Amino acid sequence: ERLKNHPINLSKSDLKSIFYWLLMKIRSLKVEDLDDIFVWRNDPVTRKNSINKNQLSYDEHKAWFRKVLRDKNGKYFIGIKNKEKVGLVSYIKEKKKYRNVSININPKFRGKGYGTTLLILSQKSGEIISEGSILIAKIKKSNIASFKSFQKAGYIKFSQLKYYYLLSNHINHD
């Protein structure tokens, strides 16, 4: 009750995000993430919300994963909470200062606010901040949860296509 009149007015959602920040850690993608990401990628909800809806074979996924691990233009992070993998966020450099951002949350953790936390923590990684990148996310209009996660992480809608929203978040050195 004392907090009702406090000048900082935090919502339950804000408090949940702060709590998740304290619980979640991020690390770079590792070889041992192969199988988990394969399961997440072929999950029906993931496929429905992905730009590429096709189910991947394990061999196709392995080939993609090997390429990702060698990719010098991409940064890939896994969110970890209590030793469980929460999700994957990817930052793929397209031009000098632009990175395409995508996120895939472990189905077990969807709808709980972890997407926003994973985006914010990974953006604050020195590997992303140091470049002063402009981050671009292409999100299906029907993927409301992802759209909200990106907005809460500071992304702003700057364009609208027939089936997608384009959002950006300019990362500076602050």
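Structure first, text after, so check above.
To keep things clear, this report deals only with the structure shown in the data block.

**Topic: helix H4 (residues 58–70)**
Phase 1: Between its terminal C-alpha atoms H4 stretches 19 Å, which fits the 18 Å expected from 13 residues at 1.5 Å a residue.
Phase 2: Taken together, the buried positions of H4 are His61, Phe65 and Val68. For H4, the angular spread of buried residues about the axis comes to 60°, placing them on one side. Set apart from the buried face of H4 by more than 90 degrees, the exposed residues are Asp59, Lys67 and Arg70.

**Comments concerning the layout of surface pockets**
Phase 1: Considering only enclosed or pocket space, the largest pocket measures out at about 1400 Å³ in volume.
Phase 2: Along the wall of the largest pocket there are 48 residues; nearest its centre are Asn49, Ser50, Ser102, Ile103 and Asn104.
Phase 3: Looking at the lining of the largest pocket element by element, the count peaks at seven residues for helix H7 (residues 144–152).
Phase 4: Looking at the lining of the largest pocket residue by residue, the class counts come to 20 nonpolar, 19 polar and nine charged.

**Side note on the nonpolar core**
Phase 1: Core analysis: the biggest nonpolar cluster contains 23 residues, and Val89, Tyr91, Val101, Leu119, Phe150, Tyr155 and Leu167 have the highest contact counts within it.
Phase 2: Broken down by element, the residue count for this core peaks at five residues, all from helix H5 (residues 114–123).
Phase 3: Excluding residues within four positions of it along the chain, leucine 119 makes contact with Val89, Tyr91, Val101, Ile103, Ser149, Phe150 and Ala153.
Phase 4: Grouped together as the second largest cluster of nonpolar side chains are 10 residues, Leu29, Leu34, Trp40 and Tyr76 included.

**Focus: the sheet that holds strand E2 (residues 74–81)**
Strand pairing in a sheet relies on backbone hydrogen bonds. The paired strands run either parallel or antiparallel.
Phase 1: Judged by pairing direction, the sheet is mixed, and its seven strands sit side by side in the order E1-E2-E3-E4-E5-E7-E6 without closing on themselves. Single-partner strands in this sheet number two, and they are strand E1 (24–28) and strand E6 (156–160). Strand-to-strand twist in this sheet, taken as the mean axis angle between neighbours without regard to direction, amounts to 30°.
Phase 2: Here E6 runs beside strand E7 (residues 164–170); their pairing, made up of four bridges, is antiparallel. Bridge pairing in E7 links serine 159 to leucine 166.

**Quick notes on the pairing of strand E4 (residues 98–105)**
Phase 1: Note: strand E3 (residues 84–95) against E4, eight bridges, orientation antiparallel. What sits directly across from lysine 93, in E4, is arginine 99.
Phase 2: Once E3 ends, the chain turns through two residues before running back antiparallel as E4.
Phase 3: Sheet analysis places E4 next to strand E5 (residues 134–140), joined by three bridges and oriented parallel. Within E5, the position partnered with arginine 99 by the bridge is leucine 135.

**Digging into unusual backbone geometry**
Apart from glycine, the bulk of residues carry a negative phi angle, and the bulk of peptide bonds sit in the trans form.
Phase 1: Its identity as a non-glycine residue notwithstanding, asparagine 82 has a phi of 50°, on the positive side.
Phase 2: Take asparagine 82: it is sitting in the loop between E2 and E3.
Phase 3: For lysine 83, which is not glycine, the phi torsion reads 70° and is therefore positive.
Phase 4: For lysine 83, the location among the structural elements is in the loop between E2 and E3.

**Looking at the packing of helix H2 (residues 34–42) against H4**
Phase 1: H4 packs onto H2 with a crossing angle of 120° between their chain directions and a minimal axis gap of 10 Å. As the angle between them shows, H2 and H4 are arranged oblique. Every pair of crossing elements has a handedness; the one defined by H2 and H4 is right-handed. For the pair H2 and H4, the contacting residues are Leu34, Asp35, Ile37 and Phe38 in the first and Tyr58, His61, Lys62, Trp64 and Phe65 in the second.
Phase 2: In terms of residue class, the contact of H2 with H4 is built from six nonpolar, one polar and two charged.

Rules used throughout
- Residues numbered from 1 in each chain as written.
- Predicted model: local features only at pLDDT ≥ 70, side-chain atom pairs only at ≥ 80, totals over all residues.
- Heavy atoms only, no water.
- Helix = DSSP H or I, 4+ residues; strand = E, 2+ residues; numbered from the N terminus.
- Expected span 1.5 Å × (residues − 1).
- Buried < 20%, exposed > 50% of the residue type's maximum accessible area, 1.4 Å probe, protein only.
- Arc of directions from axis to C-beta.
- 1 Å grid on protein atoms, 1.4 Å probe; cavity = no way out; pocket = protein on both sides within 12 Å on 5 of 7 lines; lining within 4 Å.
- Points joined across faces, edges and corners; volume = space filled by probe spheres on them.
- Nonpolar A, V, L, I, M, F, W, Y, C, P; charged D, E, K, R; others polar.
- Core = buried A, V, L, I, M, F, W, Y, C linked by side-chain atoms within 4.5 Å.
- Contact = heavy atoms within 4.5 Å.
- Pairing = 2+ DSSP bridges.
- Axes fitted to C-alpha atoms, helices over the stretch in contact; angles between N-to-C directions.
- Parallel < 35°, antiparallel > 145°, perpendicular 65-115°, else oblique.
- Left-handed = near helix turned anticlockwise from the far one by under 90°.

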